[in-house]
Amino acid sequence: MSKPTIMTVDDDPQVLAAITRDLLNQYGADYRIVRASSGREALDVLTKLTLRDELLALIAADQRMPEMTGIEMLQQAQAHVPGAKMLLLTAYADTDVAIRAINDIGLDYYLLKPWDPPEERLYPIIDDLLDDWSKAHPDQTSDVRVIGHRWSDRTHEIKMFLARNHVPYRWYDVEQDAEAERLRSLADAATSDLPLVLVPAGETLRSPSTLSLAAALGLHTSAEQPLYDLCIVGAGPAGLAAGVYAASEGLSSVIVEREAPGGQAGRSAAIENYLGFPKGLSGSDLAQRAIAQVSRFGAEMVLARDVVGFESRGPVRAVLLQDSGEIESRALIVATGVSYRRLEARGLSELTGRGVYYGTAVGEANQCQGEVVYIVGAANSAGQAALELSRFAKHVVLVVRAGTLTETMSSYLIARITTAHNIAVRYHSEVVAAHGAGHLESLTLSDTKTGTTEDAPASWLFIFIGASPRTDWLGPDIVRDERGFVVTGQDLIRPGSEQRWPLARPPFALETSVPGVFAAGDVRLDSMKRVASAVGEGAMSVYLVHRYLATI
Ligand SMILES: Cc1cc2nc3c(=O)[nH]c(=O)nc-3n(C[C@H](O)[C@H](O)[C@H](O)COP(=O)(O)OP(=O)(O)OC[C@H]3O[C@@H](n4cnc5c(N)ncnc54)[C@H](O)[C@@H]3O)c2cc1C
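Please read these numbers as outputs of a predicted model, since none were measured by experiment.

Draft legend 1. Summary view of the pairing of strand E19 (residues 395–399). With 4 of 5 residues buried, E19 is to be regarded as a mostly interior element. The sheet contact formed by strand E18 (residues 372–376) and E19 spans 5 bridges and is parallel. Bridge pairing in E19 links Val 373 to Val 396. Taking the sense of rotation as the criterion, the β-α-β connection linking E18, helix H13 (residues 380–390) and E19 turns out right-handed. Two elements, E19 and strand E20 (residues 423–426), share 4 bridges in a ladder whose sense is parallel. Within the sheet, the bridge partner assigned to Val 397 lies in E20 and is Ala 424. A crossover connection joins E19 to the parallel E20 through helix H14 (residues 411–419); in handedness this β-α-β unit is right-handed.

Pasting the structure below:
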């Protein structure tokens, strides 16, 4: 396969030569660097690349060019190469135009000229953009191969696990790819062995459990120390933030995660309200940055392990892991967030994982290429999914029980959904049944105003109908409300509440009814249910852990 391309566009020959030279020096080994001296020439080159089926990773274009500005050129380029990263080279006077282009054309970054020294002002930005691009094009780099049936729930789980843990893989559908059949017979695998996972320089894994897959990929699945200062359960934004602050402040720390670091945020296609990222960033990008930060500071991560029990052993807090194993620590942060609620409708549970999915992983959306997709839900998560899936699907139908989205979804998402040419919102509607032999083939939708029902052919249904915490594993000593949210701080000792706080001192703000056990993020009663607040609570809980440790 040929190298992906980076294109530079500038009408000033000296600037064009300088940016081309700098990019060649740093990226020439892995990318082909091509140049164009006008917007028109750039679009001609792009047409040729597309015809040859070659990949374009990034365009770095000057804004001020005669005939066609950089932004006009980038906007037209999107039609040829929709996934390519777009960088605008600007003068200070064009800053406003560049910021507008972030909204108008999805510009990825603008860079003020000159960019010297490139090591500080150019390469870190390009590294980030290329990193993002490579994650969205795993076929370029992947040695892990998954061979299975498109409509198998186990195949789906394995693909989700790989995608959400940022393991690039190549996917072979046994019903559609000749190569899949070849690999299956080479591995001498029966149909019951599917899905197969081929890992580099390893054995062939036959329908592996998540834990054995994680171990084969070299992920860390057990704790190294007998006792930690701090154990954090859950690696969503709250848990990862707690990990960064705890490890950077010298606490020996371990984070346990059962699915993938990033939590719910890791499923978000675009988090646009997180401070410091004006263009927004994908949840997967945020998670990857956080994992790097956690590792840099030396917190340990134990992956693919489900925490199923909690015990207090004198001053020690212990969590029990599914199958076997436990982790002891002097303090514990519960950052387990919330999980999607199940939709009750005839036929849905049988087809879950076979066309019916709860949530969606960024990167999986391209599976729905050219097809009709139904989404149930009216909150921001459903709106984001509709926009993400509409990039690939022929048509997206958002099924909403209410008569409006305004009370449940942010206005910036509503505006984009209502102007998208291939998204329709079906108000006053519910999915009442799902049908299909082996995988989803059609849905029965009801109109809640008229009471009429209608059958519609459908292969894909994504459900986003709110979430609830799964906190049973905490046992009876940690007080929760009737929905399972963990009660903390002053709420434990509020006059009139059941008094379950055992010490003379009042509980710290995020402390639970067991001293030394804290709760942060969505799992906590009355938390804000946003990335920024989860991050804030994760960081704050570490400050409170220090205060607690000083008391024992
Ligand atoms: C699709 C989507 C889009 C969103 N978009 C935005 C947005 O744009 N802006 C915004 O501010 N917010 C957004 N949110 C909300 C935001 O993601 C959450 O508020 C935030 O992720 C909460 O973080 P958390 O760490 O508390 O919990 P979570 O993100 O839920 O993470 C909890 C983690 O704990 C793990 N876990 C749970 N139980 C166990 C166990 N027993 N053992 C081991 N691990 C366990 C889970 O696997 C998970 O990884 C979105 C949510 C979704 C679903």
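Draft legend 2. View of the site of the ligand. In the neighbourhood of the ligand, 35 residues make up the surrounding shell, with Glu 257, Gln 264, Gln 384, Asp 522 and Val 531 lying closest. A distance of 3.4 Å separates an oxygen atom of the ligand from a polar atom in the backbone of Lys 529. One of the backbone nitrogen or oxygen atoms of Val 531 is found 2.9 Å away from an oxygen atom of the ligand. For the shell around the ligand, the secondary structure elements donating two or more residues are helix H10 (237–248), H13 and helix H15 (531–549). The residue inventory of the shell around the ligand, partitioned by class, reads 16 nonpolar, 11 polar and 8 charged.

Draft legend 3. Examining H13 more closely. Along H13, 10 of the 11 residues are buried, which leaves the element largely enclosed by surrounding structure. For H13, the complete set of buried residues consists of Asn 380, Ala 382, Gly 383, Gln 384, Ala 385, Ala 386, Leu 387, Glu 388, Leu 389 and Ser 390. Turning to H13, the residues buried within the fold contact E18, E19, H14, E20 and strand E24 (460–463).

Draft legend 4. Molecular detail of the pairing of strand E10 (residues 227–233). The buried fraction of E10 amounts to 6 of the 7 residues, a majority that puts the element mostly inside the structure. Sheet topology note: the E10/strand E11 (residues 253–256) ladder contains 4 bridges and is parallel. Its bridge partner lying in E11, Val 233 is registered against Val 256. Read from E10 through H10 to E11, the crossover connection turns out right-handed.

Draft legend 5. Geometry of the nonpolar core. Counting 28 residues, the largest nonpolar core has Leu 230, Ile 333, Phe 518 and Val 545 as its most contacted members. Mapped onto this core, the elements with two or more residues apiece are E10, H10, helix H11 (283–297), strand E15 (326–334) and H15. In this structure, Leu 230 is in contact with Ala 246, Leu 251, Ser 252, Ser 253, Val 254, Ser 329, Ala 331, Leu 332, Ile 333 and Val 545, ignoring residues within four places of it in sequence. Listed in part, the 27 residues of the second largest apolar core include Ala 386, Met 409, Ile 414 and Phe 462.

Draft legend 6. Summary view of the packing of aromatic side chains. Within the structure shown, the criterion is met by 8 aromatic pairs. Summarising the aromatic geometry, the rings of Trp 151 and Trp 460 are spaced 5.1 Å apart at their centres and angled 50° between planes, so their arrangement reads as tilted. Separated by 309 residues along the polypeptide, Trp 151 in the loop between strand E6 (144–148) and helix H7 (153–164) and Trp 460 in strand E24 bring together distant segments of the chain. Considered together, Trp 151 and Trp 460 belong to a single accessibility category, that of buried residues. Grouping aromatic residues by their ring pairs yields a cluster made of Trp 151, Tyr 357, Trp 460 and Phe 462. A cation over a ring is seen here: Lys 159 above Trp 171, with NZ or CZ 4.0 Å from the ring centre. In this structure, Arg 342 is placed above the aromatic ring of Tyr 358, and the distance from its NZ or CZ to the ring centre is 4.0 Å.

Draft legend 7. Representation of the environment of Ser 207 in the model. Considering the arrangement of structural elements, one finds Ser 207 in the loop between strand E9 (204–206) and helix H9 (210–216). A residue is classified by how much of its surface remains accessible, and Ser 207, at 30% relative accessible area, is partly exposed. C-alpha separation for the pair Ser 207 and Asp 193, spaced 14 residues apart in sequence, amounts to 5.6 Å. Setting aside residues up to four positions removed in sequence, Ser 207 forms contacts with Arg 154, Asp 193, Leu 194 and Pro 195.

Draft legend 8. Summary view of the sheet that holds strand E8 (residues 196–198). A sheet is described by the order of its strands in space; here 4 strands give the open sequence E7-E6-E8-E9, paired in mixed fashion. Only two strands of the sheet have a single neighbouring strand rather than two, namely strand E7 (169–173) and E9. The average angle at which neighbouring strand axes cross in this sheet is 20°, direction not considered. As paired strands, E6 and E8 are joined by 3 bridges and run antiparallel to one another. Across the sheet, Val 146 pairs through a bridge with Val 197, a residue of E8. In the packing of helix H8 (residues 178–186) onto the sheet, the strands contacted are E6, E7 and E8, and the crossing angle to E7 comes to about 95°.

Draft legend 9. Expanded view of the environment of His 137. Following the sequence through the fold, His 137 ends up in the loop between helix H6 (123–136) and E6. Residues His 137 and Trp 171, 34 residues apart in the sequence, show an inter-C-alpha distance of 12 Å.

Draft legend 10. Highlighting the side chain of Arg 505. Along the polypeptide, Arg 505 turns up in the loop between strand E25 (467–468) and strand E26 (517–519). Engagement of the side chain of Arg 505 in a polar contact is seen with the side chain of Glu 511, the distance being 2.9 Å. Among all residues touching Arg 505, those that are not within four sequence positions of it are Glu 511, Pro 515, Tyr 548 and Thr 551.

Draft legend 11. Fine view of the pattern of salt bridges. One pass over the structure, following the stated rule, counts 32 salt bridges. Asp 306 is the salt-bridge partner of Arg 258, the closest N and O atoms lying 3.4 Å from each other. Of this pair, Arg 258 sits in the loop between E11 and H11 while Asp 306 sits in the loop between strand E12 (300–302) and strand E13 (307–313), placing them 48 residues apart in sequence. Given a relative accessible area of 32%, Arg 258 falls into the partly exposed group. By relative accessible area, Asp 306 is classed as partly exposed at 23%.

Draft legend 12. Focus on the side chain of Asp 522. Mapped onto the elements, Asp 522 comes out in the loop between E26 and H15. Here Asp 522 is buried and forms no salt bridge, its nearest opposite-charge partner Lys 529 lying at an N-O distance of 5.2 Å. In this structure Asp 522 touches Gln 264, Gly 337, Val 338, Phe 485, Ser 527, Lys 529 and Arg 530, once residues within four positions along its chain are discounted.

The rules behind these values
Residues numbered from 1 in each chain as written. Predicted model: local features only at pLDDT ≥ 70, side-chain atom pairs only at ≥ 80, totals over all residues. Heavy atoms only, no water. Buried < 20%, exposed > 50% of the residue type's maximum accessible area, 1.4 Å probe, protein only. Helix = DSSP H or I, 4+ residues; strand = E, 2+ residues; numbered from the N terminus. Pairing = 2+ DSSP bridges. Right-handed = clockwise from strand over helix to strand, strands pointing away. Near = heavy atom within 4 Å. Polar contact = N/O pair within 3.5 Å; in protein donor to acceptor, adjacent residues only side chain to side chain. Nonpolar A, V, L, I, M, F, W, Y, C, P; charged D, E, K, R; others polar. Contact = heavy atoms within 4.5 Å. Core = buried A, V, L, I, M, F, W, Y, C linked by side-chain atoms within 4.5 Å. Phe/Tyr/Trp six-rings, centres within 6.5 Å; stacked < 30°, edge-to-face > 60°. Lys NZ or Arg CZ within 6 Å of the ring centre and 35° of its normal. Axes fitted to C-alpha atoms, helices over the stretch in contact; angles between N-to-C directions. Salt bridge = Lys/Arg side-chain N within 4 Å of Asp/Glu carboxyl O. Lys, Arg positive; Asp, Glu negative; His and termini not counted.

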